[in-house]
Amino acid sequence: MSVINASPTKNFFVDMLTRDIDLKDAILDLLDNCIDGIQRTTRDQIPSETPYSGFWANIEVSEASFLIEDNCGGIPLDVAERYAFRSGKPIDIDDDDDIFTIGTYGIGMKRAIFKMGRSAEVYSQTAEDGFKVIIQPDWLISDDSWGLPVESVERSADEAGTSIEILELRDEAARQLGDESFQRSLISEIEGLYSYILAKGFEITVNGEGIAPRPIAFQWEGVKKL
């Protein structure tokens with residue numbers, strides 16, 4: 001008996017995985033990854049009032065490209081090879097089970113990348129190693145292999161961290177990222193969602209503008225005496 005090929009094309013699969021993702025959520029998911037990197041880096045340190053002090057993330061958005069870079073510890077090479085670039089975390093992977101990670105959006109790095117563009121350059125280094133992954137547009141149209149080439153690189157003198165630059169933006173992503181109202185809305189959302197972490201020392205910039213935490217106010221109803 002012969003067998004017909006019923007597997008999805010890579011391009012179709014990627015389009016389906018990214019179709020219902022909000023662009024802003026994709027960006028915030030990448031920002032969450034920066035903060036999760038801090039949790040890994042500081043997991044054995046003594047708790048303090050400003051556990052995020054000294055860590056930063058920089059975001060640059062325009063109609064031509066998207067960049068997020070940080071000094072939050074980087075992605076270990078073995079993590080990149082095993083699952084960091086997969087769509088979904090394999091059930092047999094228990095990395096980070098012993099630390100608190102944000103994981104609010106659950107989108108994943110690769111889905112976030114392909115929501116915005118067809119090409120990307122990912123560079124990361126930890127205290128021990130470094131690597132780069134370059135995703136070319138022809139990867140999407142070739143169904144020969146789902147693997148991505150990863151290359152070990154010499155560590156630089158810079159801090160341990162990750163840089164993700166997304167190029168060849170999709171038309172809708174380019175339109176939104178180049179729109180000033182979208183940029184202002186993104187900054188406003190970061191101000192609100194990350195206020196607590198910003199107040200604890202983390203620094204975030206968007207297109208060169210430093211993000212300040214919003215004052216946190218607590219409200220409660222008083223107990224009425226009978």
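Heads up: the structure comes first, above all this text.
What you see is a predicted model; the values in this text were computed from it and never measured. (Residues numbered from 1 in each chain as written. Predicted model: local features only at pLDDT ≥ 70, side-chain atom pairs only at ≥ 80, totals over all residues. Heavy atoms only, no water.)

(A) Molecular detail of the overall build of the protein chain. For the protein chain, the helix and strand inventory stands at eight helices and eight strands. Contacts in the protein chain between residues far apart in sequence, at least 24 positions, make up 71% of those at least 6 positions apart. Carbon and sulfur atoms make up 50% of the accessible area of the protein chain, which totals about 13500 Å². (Helix = DSSP H or I, 4+ residues; strand = E, 2+ residues; numbered from the N terminus. Contact = heavy atoms within 4.5 Å. Areas by Shrake-Rupley, 256 points an atom, 1.4 Å probe, with all protein chains shown as cover.)

(B) Quick peek at the packing of helix α2 (residues 23–41) against helix α7 (residues 180–193). Running from N to C, α2 and α7 point in directions that differ by 45 degrees, and their axes come no closer than 11 Å. By the criterion of interaxial angle, the relationship of α2 to α7 is oblique. Classified by chirality, the crossing of α7 by α2 is right-handed. Every residue of α7 that contacts α2 at L23, K24, I27, L28 and L31 is listed here: F182, S185, L186, E189, I190 and L193. Split by residue class, the contact of α2 with α7 holds eight nonpolar, one polar and two charged. (Axes fitted to C-alpha atoms, helices over the stretch in contact; angles between N-to-C directions. Parallel < 35°, antiparallel > 145°, perpendicular 65-115°, else oblique. Left-handed = near helix turned anticlockwise from the far one by under 90°. Nonpolar A, V, L, I, M, F, W, Y, C, P; charged D, E, K, R; others polar.)

(C) Just helix α4 (residues 109–116), in detail. With seven of eight residues buried, α4 lies mostly within the body of the structure. Three or more residues of α4 are buried, namely M109, K110, A112, I113, F114, K115 and M116. (Buried < 20%, exposed > 50% of the residue type's maximum accessible area, 1.4 Å probe, protein only.)

(D) Examining the pattern of salt bridges more closely. What the rule picks out here adds up to seven salt bridges. The partner of E151 in a salt bridge is K132, and the shortest N-O contact between them spans 3.8 Å. Here E151, found in strand β5 (residues 150–152), pairs with K132, found in strand β4 (residues 130–135); they are 19 residues apart in sequence, far enough to count as distant. (Salt bridge = Lys/Arg side-chain N within 4 Å of Asp/Glu carboxyl O.)

(E) Region of the structure containing the packing of α2 against α4. Interhelical geometry of α2 versus α4 gives an angle of 140 degrees and a closest axis separation of 9 Å. Accordingly, the angle class assigned to the pair α2 and α4 is oblique. In this structure, the crossing between α2 and α4 has a hand that is left-handed. Here α2 contributes L23, A26, I27, D29, L30 and N33 to the contact with α4, which in turn contributes M109, A112, K115 and M116. Residue composition of the contact of α2 with α4, by class: seven nonpolar, one polar and two charged.

(F) Highlighting the sheet that holds strand β3 (residues 117–125). Spatially, the eight strands line up as an open sheet ordered β5-β4-β3-β6-β2-β1-β7-β8, and their pairing is mixed. Whereas interior strands pair on both sides, the edge strands pair on one side only; in this sheet they are β5 and β8 (209–210). Bridge count between strand β7 (residues 203–206) and β8: two bridges; the pairing is antiparallel. Bridge assignment links V206 to a residue of β8, and that residue is E209. Contacting β1 (56–61), β7 and β8, α7 runs over the sheet at an angle of about 170 degrees to β7. (Pairing = 2+ DSSP bridges.)

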